[in-house]
Each structure stands twice: as structure tokens, then as C-alpha cells.
Amino acid sequence: MGQIWLHKGTVFTGVALLPDTTVVIEDGKIRDVLSEYRVKQKGIPKDAIVYEAEGAFISPGFIDTHIHGIHGFDTSDGTVEAVLEMSKALVKYGVTGFCPTMYPQADEVFDRCIRNVVEAIPIAEGAKIYGLNLEGPFISRDKTGVLNPQYMKAVDVNLMKHYCEISEGNIAIMTVAPELKNMHDLALFCTQQGIVLSAGHSNATYENMLEGIQAGILHSTHFFNAMRRLHHRDPGVVGAIMIHPNVSAEIIGDGHHLHPSIIKLLMRVKPIHKIVLVTDALKPTEQQDGVMIANNEEVYVKDGVFHRASDGTIAGSSLTMIRGVQTLVEMGVPVDDAMRMASCNPATVISKHIETGYLLPGRKADLVVFSKDYQVRLTIVDGIVKFQS
């Protein structure tokens, strides 16, 4: 296959924002990144496939490390097909990789869903699957959010070994509550397995958090949501995340889960490369028709957020990654920082930054082209066009 040239866009490489720049793709990888001066000197090969990108952004592909569902399909549907359909849908929103995320459920359902994701990994046709994100079950009943406390469990290292076995080593991230008894032993085991541990759904004190950080809990789940708040006598989970620069933080950038000023505050105290945009999107996200079901309950959308039909309680996010980038920019976040939070930062959290997340020669050609009004024009995965508008 010949080269693909994405000509004269505004390119965010993961290192710098470059105007009037061209990305050259060959054999599934980034071959070169060229200024317009270099393009005119070099010339575009006659057999190259050229996409004109003037007036558009070219970014590393978005990586959504926390997503439950989209287009009426959910990781917890219990079928391989649902995971594969999520993969196909996500490229429409600039996503080139994702971590299908599961909340606590009955044991047999939880195990089946883990096995389904593992089966889907090698045959996904859209966005790549970078392993599972387990949002529990070793989390706090004091900070359930909309998760069902019935399925939350005491820490059990043997059970964790079972999850690792049936996942065939494909657990990328796991949300845990650092304050739970025996969490230190679980954290040591998980870090040995290469699993990223994320503090969330947690009522941990600041001291609990320090112990967790020392044991390797260095990421955090949907910052400020379902976690012990900041207090002047106990900084809690929120304070620990803000105080310690080595702890990375998920943000749901929809303008509802976090006030824009909280995001600006986080950007002042946290290194920019430690802030990760996620959607935490639920099954009915971008669903076009039919009854909307999330967490096995009927929901409706109001102001971009799902609410339970039974009582109006916020049930979760309907965000997409491209809309998250747009919303962050509208809040005042520089566009290159918004793209960084959506691409290279999550790639780094799950240790994929050597192969993807950057538009640098030799890296995999996973990228998105989107217009200045945040419409996805092109999504490329491993050098293959997976979506074009």
C-alpha cells in the first residue's frame, strides 16, 4: 500500500502544535511530519493518497480509558458482539483505542463479561481494545455513586488472581478504595501484574491515600466524583490527588460532572501530563432511538447527562471524546492541552505511549482529523482509514 499524506493541517504531535504541517503515513506507522516548506521541497509522490487537512486539526487518536457503552451497546451486555459494536462506533468520534469498563455485577455475569472483552480484543474492527477497566468490585459502599452496593466486595487477593486468569492478563486499569482492609496486599499483587490501580468510589482519609500511593495506587477515577472531599483537617481523596504530582486524574469533561473552575484549579496544581480526559459514557450515549437503559434502569438525557427515570438522580455521562475536547476548549483550556488530555496522557497511563499517542516517526499511525468546529473528518487506526465523513 502506498503512502497516505494528511496535507497542511494544524498538527498536534504530542510535543508541539504545528501549523501548516503534513503527516506522512506508511506501512501503518508515522513515516514523517513535514512543514509546508519541506513538502514543497520534497514533493508529494504521485501514487500517494492525499487528504487535504487545511483548516483542520490533526491529533493523535483519542484513547478513552473509561467507557461503559455507546450506541446502545455496553461492556456489560454479556456478549462479544456488544464490545465489537462499541469498537466500530467509537471511531466516529475520533477514538482509536479504548478500555471497555465494567461495574460490579453478579459473579457469573462479571466473569462472562471479562471473557467477552478478551475474545473481542483480536477481532475488533474499529478502535483498538487496550484491555479491561474494572470499576470495582473492591470499592466503598460509602461512595457507591449509581453502582449497586450489592456487588461490592471485601478485598480478596485470590479473587483478583481469578480475574487475572480469566482475563488472560488483559486488565489494564482497576478502580479500588485504598481504605479497605488488605488493600496493601492487593495493590502489591496488581502492580506486579502491570495493572494500573485507580483510587475511586472511595471514602479514604488522607492517610489512607498516602498508604495507597506508597503501594502503587497512582491513578484516580472521575476526579471529585464518588470520593471523599477536600477538608481543611483531612484533605481526603480529592486533596491527595491534588497535592501529589505523581497521581494522575481522570476528568469527565462534560461541564456537569466538574465545574469549569475546578478543572482550571486542577490544571494549576497538577502537571498537565497527569490529567486524563474520559467519557465514562453509558450504553445509550448517541443512541438514536428506543428506550434508553443504563445500569439496568431506564434513563433520560437532560443537559447532556443521563438521569434515572425513577427519581431524576444523575446516572452518568453521555459524553464523546470529540465533544469532551470541544467542551474543554470552550472552558478556556488551550486546544493542544485538550488534545493532550485525550491522547498522549491516557496512552501514558496504560503504558502504550511508546507505540501510540504521539504523531512522531516510527509510532503507530493512530490519529484523528477534525475541523475547527469539532466535526470528525477522518479516523485512522494502524494506518487504515476507519471513518471518513
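In what follows, the structure referred to is the one given above.
The structure contained in this document is the topic of the report that follows. Every chain begins its residue count from 1, and numbering advances along the sequence as written. Restriction of local features to residues with pLDDT of at least 70 applies here, the model being predicted, together with a cutoff of 80 or more for giving and counting side-chain atom pairs; totals for whole chains, interfaces and linings are based on all residues. Each side-chain value is worked out from all heavy atoms of the structure, with water and hydrogens disregarded.

1. Thoughts on helix H5 (residues 183-192)
Burial classes: relative accessible area under 20% of the type maximum marks a residue as buried, over 50% as exposed, and values in between as partly exposed (1.4 Å probe, protein chains only). Runs of H or I in DSSP of at least four residues are treated as helices and runs of E of at least two as strands, each being numbered from the N terminus. Those residues of H5 that sit buried are Met-183, Leu-186, Ala-187, Phe-189 and Cys-190. Down the axis of H5, the sector holding all buried residues measures 165°, keeping them to one side. Note on H5: the residue one or two positions beyond its end, Gly-194, has a positive phi of about 80°. The arc in question is the one spanned by the directions pointing from the helix axis to the C-beta atoms.

2. Focus on the sheet that holds strand S20 (residues 314-317)
In this description, strands pair whenever DSSP reports at least two bridges between them. A sheet is described by the order of its strands in space; here 4 strands give the open sequence S17-S18-S19-S20, paired in antiparallel fashion. Only two strands of the sheet have a single partner each, and these edge strands are strand S17 (293-294) and S20. When strand S19 (residues 305-308) meets S20, the two strands line up antiparallel, connected through 3 bridges. Paired with Val-305 across the strands is Ser-317, a residue of S20.

3. Quick notes on unusual backbone geometry
A cis geometry characterises the amide bond from Gly-136 onward to Pro-137, with omega recorded as 15°. Its location among the elements puts Pro-137 in the loop between strand S11 (132-135) and helix H4 (157-166). For Lys-8, which is not a glycine, the phi torsion comes out positive at approximately 60°. Mapped onto the elements, Lys-8 comes out in strand S1 (residues 4-12). Judged by its relative accessible area of 22%, Lys-8 is partly exposed. Located in the positive-phi region is Phe-224, a residue other than glycine, with phi close to 80°. Along the chain, Phe-224 falls in the loop between strand S14 (217-220) and helix H7 (236-243).

4. Notes on the environment of Asn-170
Positionally, Asn-170 belongs in the loop between H4 and strand S12 (171-176). Given the relative accessible area of 24%, Asn-170 is considered partly exposed. When the C-alpha positions of Asn-170 and Ile-121 are compared, they lie 9.1 Å apart, and in sequence the two are 49 residues distant. We call two residues in contact when some of their heavy atoms are within 4.5 Å. Discounting chain neighbours no more than four positions away, the residues touching Asn-170 are Val-118, Ile-121, Gly-131 and Leu-132. N or O atoms closer than or at 3.5 Å make up a polar contact, with two conditions inside protein: a donor-capable atom paired with an acceptor-capable one, and, for residues adjacent in sequence, both atoms drawn from side chains. Within the local environment of Asn-170, its side chain forms a polar contact with the backbone oxygen of Glu-168, the two atoms lying 3.4 Å apart.

5. Re the pairing of strand S16 (residues 275-278)
On S16, burial covers both faces: Ile-275 and Leu-277 on one face and Val-276 and Val-278 on the other are all buried. Here strand S15 (residues 249-252) pairs with S16 via 4 bridges, running parallel. Within the sheet, the bridge partner assigned to Glu-250 lies in S16 and is Val-276. With the strands aimed away from the viewer, a crossover counts as right-handed if its path from the first strand over the helix to the second runs clockwise. Tracing the backbone out of S15, into helix H8 (residues 260-269) and back to the parallel element S16 gives a crossover that is right-handed.

6. Brief notes about the side chain of Glu-250
Positionally, Glu-250 belongs in strand S15. Buried within the structure, Glu-250 lacks any salt-bridge partner; Lys-270 is the closest side chain of opposite charge, at an N-O distance of 13 Å. At 3.0 Å, the side chain of Glu-250 forms a polar contact with the side chain of His-66. Not counting chain neighbours up to four residues away, the residues in contact with Glu-250 comprise His-66, Asn-133, His-219, Ser-220, Thr-221, His-222, Phe-223, Val-276 and Val-278. By the counting rule applied here, Lys and Arg register as positive and Asp and Glu as negative, while His and the ends of each chain are not counted. Every case where a carboxyl oxygen of Asp or Glu lies within 4 Å of a side-chain nitrogen of Lys or Arg is listed as a salt bridge.

7. What to know about the environment of Met-160
Along the chain, the position of Met-160 falls in helix H4. The class of Met-160 is buried, set by a relative accessible area of 0%. On a C-alpha basis, the gap between Met-160 and Leu-186 in space is 7.8 Å, while along the polypeptide they are 26 residues apart. Apart from the residues lying within four places of it in its own chain, the contact partners of Met-160 are Phe-138, Ile-171, Met-174, Leu-186, Phe-189, Cys-190 and Ile-195.

None of this, on its own, says anything about what the molecule does.
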